[in-house]
Amino acid sequence: MTFASAWELRAEFAQSLSRMYGTEVPAYTDLVQVAAEVNRDVLIRDGADAERLGTATRVAEERHGAIRVGTPQEMHQVATIFAGFGMHPVGFYDLRDAATSAVPVVSTAFRPVDAEQLARNPFRVFTSMLVVDDRRFFAPEISDRLTAFLGERRLFGPELLELAHRAQAHGGLDQPHAGRFVALATAAFELAAEPVDRSWYETLEAISSVAADIGGVRSTHINHLTPRVLDIDELYARMQSRGIAMIDEIQGPPRWDGPDVLLRQTSFRALAEPRRFRDDDGHISTGALRVRFGEVEARGVALTPAGRDRYDAMVAETDARAAADPDSSRQDIARAVWTERLPATEHELAQQDLAYFTFRVAEASARTGPAEPNLTSLIEHHWVIPEPIVYEDFLPRSAAGIFQSNLTSEGRKDTSLAGSARDIGWMSDILGRQVADPNDLYAAQRSRSLAAVGAELGMALEAR
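Anyway, here's the lowdown on the structure attached to this text. Just so it is clear, the structure is predicted and the values come from calculations on it, not from any experiment.

The rules we used
- In every chain, residue numbers begin from 1 and rise along the written sequence.
- It should be noted that, the model being predicted, local features are given only for residues of pLDDT at least 70 and side-chain atom pairs only at 80 or more, the latter also being counted only at that level, while totals for whole chains, interfaces and linings use all residues.
- Just so you know, side-chain values use all the structure's heavy atoms and leave hydrogens and water out.
- Whenever a helix is involved, its axis is fitted only over the stretch in contact; in every case the axis is a line through C-alpha atoms, and angles between N-to-C directions fall within 0 to 180 degrees.
- Strands are runs of DSSP state E lasting at least 2 residues, helices are runs of H or I lasting at least 4, and numbering of each runs from the N terminus.
- Roughly parallel means an angle under 35 degrees; roughly antiparallel, over 145; roughly perpendicular, 65 to 115; everything else is oblique.
- Whether a crossing is left-handed or right-handed is set by the direction in which the near helix is turned from the far one by less than a right angle, anticlockwise for left-handed and clockwise for right-handed.
- The contact definition used throughout considers only heavy atoms, calling two residues in contact when any of these lie within 4.5 Å.
- In this scheme, a residue with accessible area under 20% of its type's maximum is buried, one over 50% is exposed, and one in between is partly exposed, where area comes from a 1.4 Å probe on protein chains only.
- Being paired, for any two strands, means DSSP has found at least two bridges between them.
- In the analysis that follows, any N or O atom pair within 3.5 Å is treated as a polar contact, provided that within protein one partner can donate a hydrogen and the other can accept it, and provided that, for residues neighboring in sequence, both atoms belong to side chains.

1. Overview of the packing of helix α4 (residues 72-83) against helix α7 (residues 158-170)
Between two packed helices, both the angle of their axes relative to each other and the distance between the axes serve to describe the pair.
Turning to step 1, where the next piece is worked out: Contact geometry of α4 with α7 gives a least axis separation of 7 Å together with a crossing angle of 50 degrees. Overall, the two elements α4 and α7 adopt an arrangement that is oblique. Remark: the crossing between α4 and α7 carries left-handed chirality. In contact with Q77, T80, I81 and A83 of α4, α7 contributes L160, L161, A164, H165 and Q168.

2. Side note on the pairing of strand β4 (residues 105-111)
Turning to step 1, where the next piece is worked out: The buried fraction of β4 amounts to 7 of the 7 residues, a majority that puts the element mostly inside the structure.
Turning to step 2, where the next piece is worked out: Across the two faces of β4 the burial is the same, with V105, S107, A109 and R111 and V106, T108 and F110 all buried.
Turning to step 3, where the next piece is worked out: Alignment of strand β3 (residues 88-94) against β4, held across 5 bridges, turns out to be antiparallel. Residue pairing in the sheet places P89 in a bridge with F110 of β4.
Turning to step 4, where the next piece is worked out: Pairing between β4 and strand β5 (residues 124-130): 6 bridges, direction antiparallel.

3. Looking at the sheet that holds β3
Turning to step 1, where the next piece is worked out: With mixed pairing, the 5 strands of this open sheet are ordered in space as β3-β4-β5-β2-β8. Every interior strand has two partners, whereas the edge strands, β3 and β8 (224-227), have only one. Looking at each pair of strands side by side, their axes are set apart by 20 degrees on average, direction ignored.
Turning to step 2, where the next piece is worked out: Examined bridge by bridge, strand β2 (residues 63-69) and β8 share 4 bridges and lie antiparallel to one another. Looking across to β8, one finds that H64 is bridged to T226.
Turning to step 3, where the next piece is worked out: In the packing of helix α2 (residues 26-46) onto the sheet, the strands contacted are β2 and β8, and the crossing angle to β8 comes to about 10 degrees.

4. With respect to the side chain of D231
Turning to step 1, where the next piece is worked out: Relative to the helices and strands, D231 is located in the loop between β8 and α11 (232-241).
Turning to step 2, where the next piece is worked out: A distance of 2.9 Å separates polar atoms of two side chains, one belonging to D231 and the other to R255.
Turning to step 3, where the next piece is worked out: Among all residues touching D231, those that are not within four sequence positions of it are V38, V42, R45 and R255.

Here it is in structure tokens:
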């Protein structure tokens, strides 16, 4: 009897979702095709350098998905399902204050957490939950009605949840349970054919398009699937040349001549999809909703807390300069700020402890002279070679920017009121499992590498 381990289940789940989503949103298939073409061309152009942040095979298979749920119970069940695929909650993202429009959700991402599992299949699902009691968005009567509506629906059946528990307990499933688990999980995120209550949906949409997508229907669905590309600017241009409407700009760091850091994202605009509506008199008619889109990402090196502080300061400086000079391109302004304030090489990022790296000992012939027994000197004199740790996570402002660029309306938010308190501890409590801090994961990977290098060189090493 064939046994499918967690990573094999995860890989099949990602492929199954991709096939399903390509059927539902044909422009996604175009996006995947263009991403593959760009990746092939970059590999030809840049050779081995193109694979510094992931092998060609990994990048070709890489996807992240996004879903939205409404209640702590639904979020807890999602965590159970993804645990069966070897995916764990990492990071806490509050999108309520990251966007100027109404995006009343908090999020985490479910993904593998160790390097070997990430290398085998790095599938991630960015999962957002509606904050129903946040008075900046929802008046008490709407909040009560939302709570009742969401409490009546059931997104995930008992068989799916039982298989998820079994997969987590045993590190995988035998056949035919493995196939059944993947099929049920995929079906749970298909777009439902059930008619949408028009008046209720429109009530929520006036508050927030995201709230309507979550709380205005009796199911959930994949909101977008995201391939990874090695040159996101080239992909953006090629998609536009095909006549596919893209959002106004690429989110995240600018294109510049130095190292790629963190995450850059863009998407094609949400498409009008036919949906069935039920009016107050019971009449069923066909209309359209714009809630789903195709996103693409380019990943760089993960930044340390000091690097993130530098990044946040550069974003603030870009905002200030853009406000003072609205006729200039924001990308051009950001590029100038990056050039002024961020080291231009990976070696400098490593020496200044601004980014996370693993390390390996260089050949003796490559060393440029004696080095002090510390990491900065060993890098400077080429005794130790830093290799970037890819950023596996997300940026709240970029995620909110993608959401915001695809909204049908700005919605409304009363900033005079206080928001509901949410943090990583709260998310851990409702999931019933600890939400990992991404920095802890990157730092642990770096520490293991430094211990191995130190043992080989006969010295104790640690990051600055």
